[in-house]
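Below, each chain spelled out in residue letters.
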Amino acid sequence: MIKILQFGEGNFLRTFVDLYFETLNQEGYGPYEVNIIKPIISGNLSKFYKQNNKYHVILRGNKNNKIIEDVYKVNSVKSAIENFNSDSFVFTLIKDKDLKIIVSNTTEAGIAYNDNDKIYDYCHITYPGKLTSLLYLRFKAGLPGLHLLPVELIENNATELKRCVDKYITLWNLGEDFRKYNNTQNVYSNTLVDRIVSGYPKDAVTKDHLTKLIGEEDELMSVGEPFGLWVIEKKGDIVNLIKDGTHNIDIILADDITYYKKRKVRVLNGSHTNLVPYGLFAGKETVYDCMKDGEMLKFITDTLNNDIIPFVSNDINMTKKFADEVIERFLNPFLNHQLTSIALNSISKWKARDVCSFKDYYDKYHEVPKYLTIGFAYLIYMYQHIENSGDKYICKLPKRTFDVRDDLVYLEYFKKHSVHDFLSDKSIWDIDLTDFNGLEESINKYLAYLQDACLIEPA
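Everything in this summary refers to the structure shown in the same document. (Residues numbered from 1 in each chain as written. Predicted model: local features only at pLDDT ≥ 70, side-chain atom pairs only at ≥ 80, totals over all residues. Heavy atoms only, no water.)

Estimated volume of the second largest pocket: approximately 360 Å³. Forming the boundary of the second largest pocket are 17 residues, of which Lys 63, Asn 64, Phe 227, Glu 325 and Glu 328 lie nearest the centre. Of all elements in the fold, only strand S3 (55-63), strand S14 (249-254) and helix H12 (316-330) reach the threshold of two or more residues within the lining of the second largest pocket. Broken down by element, the residue count for the lining of the second largest pocket peaks at 4 residues, all from H12. Classifying every residue of the lining of the second largest pocket gives 3 nonpolar, 7 polar and 7 charged. (1 Å grid on protein atoms, 1.4 Å probe; cavity = no way out; pocket = protein on both sides within 12 Å on 5 of 7 lines; lining within 4 Å. Points joined across faces, edges and corners; volume = space filled by probe spheres on them. Helix = DSSP H or I, 4+ residues; strand = E, 2+ residues; numbered from the N terminus. Nonpolar A, V, L, I, M, F, W, Y, C, P; charged D, E, K, R; others polar.)

The following block contains the structure:
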């Protein structure tokens, strides 16, 4: 028996982690038992109690060039723990010799330190504070350490989690023996997760359709895409607890997960970010709408093949295979991935996801990459056409008008500044983009096209 304590009950964990452990059970690797605890005060677990912790996952989308709607019943969740009161099951579980793994998804803001936290004030302290206190109880019980697998979407999630725990050990004076225990017996593995989860169906037609597929009412049903990837830093005896290979999701145990993070950021996120302003200019609503447009499909594949893939790693074929999967995922008609949602904080996203590929291309060829430059021009045009409307900022493009959300300095940037100012502003980019010979000239040429309400010809 391998027991898992899971901080978080949301759609992603249930559609990704819990389905993975269910799959291992079905394949005969178990038994694995997931015990969920709600990490925050708000909300309740009544639906879990009502359904005896059972629910269904429906994976909808493209797989091997076919549209699928596969239904899985998840039985791996054995308990759902509401709170941290004195008789809470979590205090029994933390001292269970079969407990081996703690998984968490407490949002990007969940892994944080607060020096006002009190050690046993479980309901009001941070997740790392709760974790420190529980690990201390396990230490005092003389039990071996655990494997910590955070899936929060922050850089080096396990390293940051351990940093917070170390600070709580100091804050609460828990002693050097416990610090040594935490350093040597608890194993913190950085992870990368990748699956788009839309969760419970948002419209009645889809809900009725999926209920018929399942064959019963399910208030916890959750929808995700077929693709799934979990990359886990190979540390401790994780190989004896987590099975690699394909088990509904692809599991990779890696000594270093840097390549996989770089690949996801550049190929998936970078191509997304570079496409979105083009799609908005053309009046598209979703990523799928863009992918159904032949010119846009060609634009994103040309961007990947010419400007991004060659600069991720020396293994071009491995990155190309991932890029092909990304295109297949973008062609999923069920995801309804709104361009306006992806456009949130577009400038900081372009900096984090695309400047790196842009620079690598320029360093090799001593010229600016064509397709990333075109996408950048659409981005600038979008921000040039933002207007203040009451307490909102509206972008007015030839075929679409929509709300924009970003830092105020970017929303109002082009009221006072030129394109040259924008490109050369090191407070935005950390570097002077006008140092890339030909970039400013190309951007101005493309903006002139767009000013006449003409799509830039990608070919």
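Moving on to the packing of aromatic side chains. With the rule as written, the count across this model stands at 39 aromatic pairs. Where Tyr 361 meets Tyr 365, the ring centres are 4.8 Å apart and the plane angle is 50°; that geometry is what we call tilted. Of this pair, Tyr 361 and Tyr 365 are both found in helix H15 (residues 355-365), 4 residues apart, which corresponds to roughly one turn of the helix. Judged by its relative accessible area of 41%, Tyr 365 is partly exposed. (Phe/Tyr/Trp six-rings, centres within 6.5 Å; stacked < 30°, edge-to-face > 60°. Buried < 20%, exposed > 50% of the residue type's maximum accessible area, 1.4 Å probe, protein only.)

Between helix H9 (residues 258-281) and helix H16 (residues 370-384), the least distance of the axes is 8 Å, while the angle of their chain directions is 55°. The orientation of H9 with respect to H16, classified from their angle, is oblique. For the crossing formed where H9 meets H16, the hand is left-handed. Contact with H9, carried on its side by Asn 274, Pro 277, Tyr 278, Leu 280 and Phe 281, involves Tyr 371, Leu 372, Gly 375, Phe 376, Tyr 378, Leu 379, Tyr 381 and Met 382 of H16 and no other residues of that element. (Axes fitted to C-alpha atoms, helices over the stretch in contact; angles between N-to-C directions. Parallel < 35°, antiparallel > 145°, perpendicular 65-115°, else oblique. Left-handed = near helix turned anticlockwise from the far one by under 90°. Contact = heavy atoms within 4.5 Å.)

Reading across the sheet, the 4 strands line up as S9-S12-S14-S13 and stay open at both edges, with mixed pairing between neighbours. Whereas interior strands pair on both sides, the edge strands pair on one side only; in this sheet they are strand S9 (191-194) and strand S13 (245-247). Here the strands of the sheet are splayed against their neighbours by 15° on average, with no regard to which way each runs. Across 5 bridges, the pairing between strand S12 (residues 229-233) and S14 is parallel. Bridging from a neighbouring strand, Glu 233 pairs with Ala 254 of S14. H9 contacts S9, S12 and S14 of the sheet and is inclined by roughly 35° relative to S9. (Pairing = 2+ DSSP bridges.)

The strands making up a sheet associate through hydrogen bonds between their backbones, and the pairing can be parallel or antiparallel. In space, the 4 strands of this open sheet follow the order S4-S3-S11-S10, with mixed pairing throughout. Looking at strand neighbours, the two that pair on one side only are strand S4 (66-74) and strand S10 (197-199), the edges of this open sheet. Across the sheet, the mean angle from the axis of one strand to that of its neighbour is 20°, orientation sign disregarded. Here S10 pairs with strand S11 (residues 222-224) via 2 bridges, running antiparallel.

For the structure on display, the rule yields 23 salt bridges. Where Asp 96 meets Lys 3, a salt bridge forms, and the shortest distance between an N and an O atom there is 2.6 Å. With Asp 96 in the loop between helix H4 (89-93) and strand S6 (99-104) and Lys 3 in strand S1 (residues 2-7), the pair connects residues that are 93 residues apart, well separated along the chain. Judged by relative accessible area, which is 14%, Lys 3 ranks as buried. A salt bridge links Asp 430 to Lys 351; the shortest N-O distance between them is 3.0 Å. Here Lys 351 lies in helix H14 (residues 346-353) and Asp 430 lies in the loop between helix H20 (426-429) and helix H21 (439-451), a separation of 79 residues in the sequence. (Salt bridge = Lys/Arg side-chain N within 4 Å of Asp/Glu carboxyl O.)

Core analysis: the largest hydrophobic core is formed by 74 residues, its most contacted members being Phe 376, Ile 380, Phe 422 and Trp 429. Considering each element in turn, this core owes the most residues, 11 residues, to H16. Discounting chain neighbours no more than four positions away, the residues touching Ile 380 are Phe 414, Val 419, Phe 422, Leu 423, Ile 443 and Leu 447. Core analysis: the next-biggest nonpolar cluster, separate from the first, contains 35 residues, Leu 13, Phe 16, Tyr 55 and Val 57 among them. (Core = buried A, V, L, I, M, F, W, Y, C linked by side-chain atoms within 4.5 Å.)

What follows deals with empty space enclosed by the protein. Evaluated as defined, the whole model comprises 1 cavity of 30 Å³ or more. The calculated volume of the largest cavity comes to roughly 70 Å³. Lining the largest cavity we find Ile 196, His 272, Val 287, Tyr 288, Arg 329, Phe 330, Asn 332, Leu 335, Asn 336 and His 337. Looking at side-chain class alone, the lining of the largest cavity contains 5 nonpolar, 4 polar and 1 charged residues.

What the rule picks out here adds up to 0 disulfides. Cysteine Cys 164 remains unbridged, with the sulfur of Cys 123 as its closest cysteine sulfur at 20 Å. Of all cysteine sulfurs in the structure, the one in Cys 290 sits closest to Cys 395, which takes part in no disulfide; the separation is 15 Å. (Disulfide = S-S within 2.5 Å.)

With respect to the helices, strands and loops of the structure, Tyr 188 is situated in strand S8 (residues 187-188). For the pair Tyr 188 and Lys 118, spaced 70 residues apart in the sequence, the C-alpha separation amounts to 23 Å. If near-sequence neighbours (up to four positions away) are discounted, Tyr 188 is found in contact with Leu 135, Leu 148, Ala 158, Leu 161, Lys 162, Val 165, Asn 182, Glu 233 and Lys 235. Of the polar contacts made by the side chain of Tyr 188, one reaches the side chain of Asn 182; its length is 2.7 Å. (Polar contact = N/O pair within 3.5 Å; in protein donor to acceptor, adjacent residues only side chain to side chain.)

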